Amino acid sequence: MNYEFFIAKRIIGSKAYKSSISAPIIKIGIAAIAIGIVVMMIAIATGVGLQQKIRDKVVAFNGHVTITNYDSNNSQESLVPISKNQDFYPEFRAVKGVNHIQAVATKHGIIRTETVWEGVVLKGVGLDYNWGYFEEFLIEGKLPDFTKKWSEEVLISQYIANRLGFKVGDNFQMLFKKDDPYKAPSMVKCIVVGIYNSRFQEFDETYLIGNIRHLQRINNWKPDEVGNFEVFIDDYSELTTKGQEIHREMPSLLDSTIVENKFYSVFEWLKIFDKNIYGIIGIMILVASINMVTALLVLILERTHMVGVLKALGSNNWSIRKLFLYNASYLIILGLIWGNIIGLGLLFAQKYFKFFPLDPSVYHVTEVSVHINLGYIIALNVGTLILCLLMLLVPSYIITKISPVKAIRFD
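First, a word on what this report is: a plain description of the structure on this page. Every value quoted in this text rests on a predicted model; they were computed, and no experiment measured them.

**Section: the overall build of the chain**
- A count of helices and strands for the chain gives 15 helices and 12 strands.
- Radius of gyration (C-alpha) of the chain: 32 Å, far over the 22 Å computed for a compact globule of 411 residues.
- With the principal axes as the frame, the chain shows a C-alpha extent of 105 × 45 × 30 Å.
- In the chain, the proportion of contacts linking residues at least 24 apart, taken out of those at least 6 apart, comes to 78%.
- As displayed, the chain has an accessible area near 21,400 Å², and 58% of this comes from carbon and sulfur atoms.
- Here the chain carries 41 positive and 37 negative side-chain charges, and the mean point of each set is 12 Å from the other.

Below, the structure is given as structure tokens:
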């Protein structure tokens, strides 16, 4: 039997241990570990959850990778058409991990009502469009159906609906400027069949989704010509790698851009959350470790007499240090258990009951988003345990300085 573990177990289970002078300090150490793991767990879950929620909103409007003509056009409008007769369309088989590709087109237009004129961008989509993201955003009505060739159905944002007083079932006209300034603008009739709210105002105030055939007609494009392609991948963590692979598969006249480069400022803002998470983890582990160091020093000093006896009986310094490290491990694990119970309880409560709201004009979401993943929870617990034990190796060194003779006489 491991006698160090046996002695540590006897010490932990003794009544004297629980009522000793060091008991309050030990409880403080356990509490520090528990609070630390709760704060770290919440920081990771909410930080990653918010990143994913905002990232998904941006991807919903643009895809993970956008394929366009190789030109200097930086506007939101598709100017030069691309043929749909490409090797990568309608299925991108050349790159593994691509789950969908869709052809779209965009054009600036003006919504005209009896009292108001509003500039927006009509995003034309076809039968290949993936409505998965917008099913979550839909708050009223239904998604457009473009099985009819000249369907006039459109999906508008709640922001635009509120500004213009639209509701489901209303119809309006959109005007589009022609290249020839002397010609009357093109006109498209639109029927509101659904209202969405992504809570990302930059997009909500800009886009409405309609039939791509109307834009093809206005631009004098052929039925097989579109503005650009949007590519969706399976694993976002491979975005850069997949973006490079997709770029290598492009013909010389086409270019591809990953969503992080297209919306650089948004994703740079999201990266700040990573720095905050790392900072919180570092601070909480440091605070918890300091408290455990204090608790271990008090334990050693309280049991100086026992240390002297064990040395007199032949135990070496490392053996006695292991005894106290076992004791400290018990306290750390106890703190981790309580921390996980409290932390996971708070996270699941927020996930299902939405106790903490956020300002959507600042964070683009209405409540604190929570991402719960077993992987980071295990890593957090194991990492905290290992780092705390490594820091405890230093104060346990004090045992080597204890003289058996003086320790046995110590009172």
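**Brief notes about the packing of aromatic side chains**
- One pass over the structure, following the stated rule, counts 22 aromatic pairs.
- Taking 6.2 Å as the distance between ring centres and 75° as the angle between the ring planes, the aromatic pair formed by Trp131 and Phe134 counts as edge-to-face.
- Three or more aromatic residues joined by ring pairs form one cluster here, namely Phe61, Tyr129, Trp131, Phe134, Phe137, Phe146, Tyr196, Phe200, Phe203, Tyr207 and Phe263.
- Across from the ring centre of Tyr236, 3.9 Å away, lies the NZ or CZ of Arg55, which sits over that ring.

**Notes on the pairing of strand 4 (residues 117-125)**
- Among the 9 residues of strand 4, 7 are classified as buried, and the element is accordingly described as predominantly covered.
- Bridging between strand 4 and strand 9 (residues 207-211) involves 5 bridges; their strand directions are parallel. Paired with Leu122 across the two strands is Leu208, which belongs to strand 9.

**Here's the deal with the pairing of strand 3 (residues 98-112)**
- As paired elements, strand 3 and strand 11 (residues 228-233) share 6 bridges and run antiparallel to each other. Bridge pairing links His100 to Phe232 in strand 11.
- Pairing between strand 3 and strand 4: 9 bridges, direction antiparallel. Bridge assignment links Ala105 to a residue of strand 4, and that residue is Gly124.

**Description of the packing of helix 10 (residues 264-302) against helix 12 (residues 317-353)**
- Where helix 10 meets helix 12, the closest approach of the two axes is 11 Å, and the angle between their N-to-C directions is 135°. In terms of orientation, helix 10 and helix 12 fall into the oblique class. Judged by the sense of rotation from one axis to the other, the crossing of helix 10 with helix 12 is right-handed. Here Met292, Leu296, Leu299 and Ile300 of helix 10 lie close against helix 12, whose contacting residues are Phe324, Asn327, Ala328, Leu331 and Ile332.
- Looking at side-chain class alone, the contact of helix 10 with helix 12 contains 8 nonpolar, 1 polar and no charged residues.

**Let's talk about the pattern of salt bridges**
- In this structure the tally under the stated criterion is 8 salt bridges.
- The shortest N-O distance in the salt bridge between Glu230 and Lys123 comes to 2.7 Å. With Glu230 in strand 11 and Lys123 in strand 4, the pair connects residues that are 107 residues apart, well separated along the chain. No difference in accessibility class separates Glu230 from Lys123, as the two residues are buried.
- Among the salt bridges present, the one from Lys242 reaches Glu245, with a minimum N-O distance of 3.7 Å. In this pair, Lys242 and Glu245 are both assigned in helix 8 (residues 239-248), 3 residues apart and thus about one turn of the helix distant.
- By relative accessible area, which is 10% here, Lys242 ends up buried.
- Glu245 gets classed as partly exposed once you look at its relative accessible area, which sits at 22%.

**With respect to the nonpolar core**
- Counting 71 residues, the largest nonpolar core has Ile67, Phe134 and Phe172 as the members making the most contacts within it.
- In this view, Ile67 contacts Ile82, Phe88, Phe92, Ile101, Asn228, Phe229, Val231, Ile246, Met250, Leu254, Asp255 and Ser256; residues no more than four positions away in its chain are not counted.
- Counting 41 residues, the second-largest nonpolar core is a separate cluster that includes Ala45, Val293, Ile300 and Leu336.

**Focus: the environment of Pro144**
- Within the secondary structure layout, Pro144 lies in the loop between strand 5 (138-141) and strand 6 (153-157).
- Relative accessible area serves as the criterion here: at 7%, Pro144 is assigned to the buried category.
- For the pair Pro144 and Val192, spaced 48 residues apart in sequence, the C-alpha to C-alpha distance is 8.7 Å.
- What Pro144 contacts, discounting residues up to four positions off in sequence, is Trp131, Glu153, Val154, Leu155, Val193 and Ile209.

**What to know about the environment of Ile332**
- Inspection of the secondary structure assignment puts Ile332 in helix 12.
- C-alpha of Ile332 to C-alpha of Ile110: the two residues are 222 residues apart in sequence and 63 Å apart in space.
- Not counting the four nearest positions on each side in its chain, Ile332 is found in contact with Ile33, Met292, Leu385, Cys388, Leu389 and Leu392.

**Things to note about a nonpolar patch on the surface**
- Where nonpolar side chains cluster on the molecular surface, the patch consists of Ile333, Ile337, Trp338, Ile341, Ile342 and Leu346 and spans about 570 Å² of accessible area.
- With respect to the secondary-structure elements, Ile333 resides in helix 12.

Reading the values: the criteria
- For every chain, the first residue of the written sequence is number 1, and numbering continues from 1 along that sequence.
- The predicted nature of this model means local features are confined to residues of pLDDT at least 70 and side-chain atom pairs, given and counted, to a pLDDT of 80 or more, with totals for whole chains, interfaces and linings taken over all residues.
- With hydrogens and water stripped out, all remaining heavy atoms of the structure feed into the side-chain values.
- Every helix listed is a DSSP run of H or I at least four residues long, and every strand listed is a run of E at least two residues long, numbered separately from the N terminus.
- The globule rule is 2.2 Å times the number of residues to the power 0.38, and the radius of gyration it is compared with is taken over C-alpha atoms.
- Any two residues whose heavy atoms approach within 4.5 Å are treated as being in contact.
- Each accessible area is a Shrake-Rupley result for a 1.4 Å probe, and residues are judged covered by the shown protein chains and nothing else.
- Under this rule, positive means Lys or Arg and negative means Asp or Glu; His and the chain ends count for nothing.
- To locate a charge, the coordinates of NZ of Lys, CZ of Arg, CG of Asp or CD of Glu are taken.
- The criterion for an aromatic pair is that two Phe, Tyr or Trp rings (for Trp, the six-membered ring) have centres within 6.5 Å, with stacked assigned to planes under 30 degrees apart, edge-to-face to planes over 60 apart and tilted to the rest.
- Our definition puts a charge over a ring when NZ of Lys or CZ of Arg is within 6 Å of the ring centre and also within 35 degrees of the ring normal.
- Relative accessibility decides the category of a residue: with a 1.4 Å probe and only protein chains considered, values under 20% of the type maximum give buried, values over 50% give exposed, and everything between is partly exposed.
- Pairing between strands is defined by DSSP: at least two bridges between the two strands are required.
- To define axes, lines are fitted to C-alpha atoms, for helices over the stretch in contact only, and angles between the resulting N-to-C directions are given on a 0 to 180 degree scale.
- These descriptions rest on fixed angle ranges, namely under 35 degrees for roughly parallel, over 145 for roughly antiparallel, 65 to 115 for roughly perpendicular, and the rest for oblique.
- By convention, the crossing between two helices is left-handed when the near helix turns anticlockwise from the far helix through less than a right angle, and right-handed when the turn is clockwise.
- Each residue is assigned to one class: nonpolar for Ala, Val, Leu, Ile, Met, Phe, Trp, Tyr, Cys and Pro, charged for Asp, Glu, Lys and Arg, and polar for all the others, Gly among them.
- We define a salt bridge as a contact between a side-chain nitrogen of Lys or Arg and a carboxyl oxygen of Asp or Glu at a distance within 4 Å.
- Among buried residues, those of type Ala, Val, Leu, Ile, Met, Phe, Trp, Tyr and Cys that are joined through side-chain atoms within 4.5 Å constitute a nonpolar core.
- Patch building starts from residues that exceed 30% relative accessible area and form no salt bridge, then joins like charges within 9 Å and nonpolar side chains (Val, Leu, Ile, Met, Phe, Trp, Tyr) within 5 Å.

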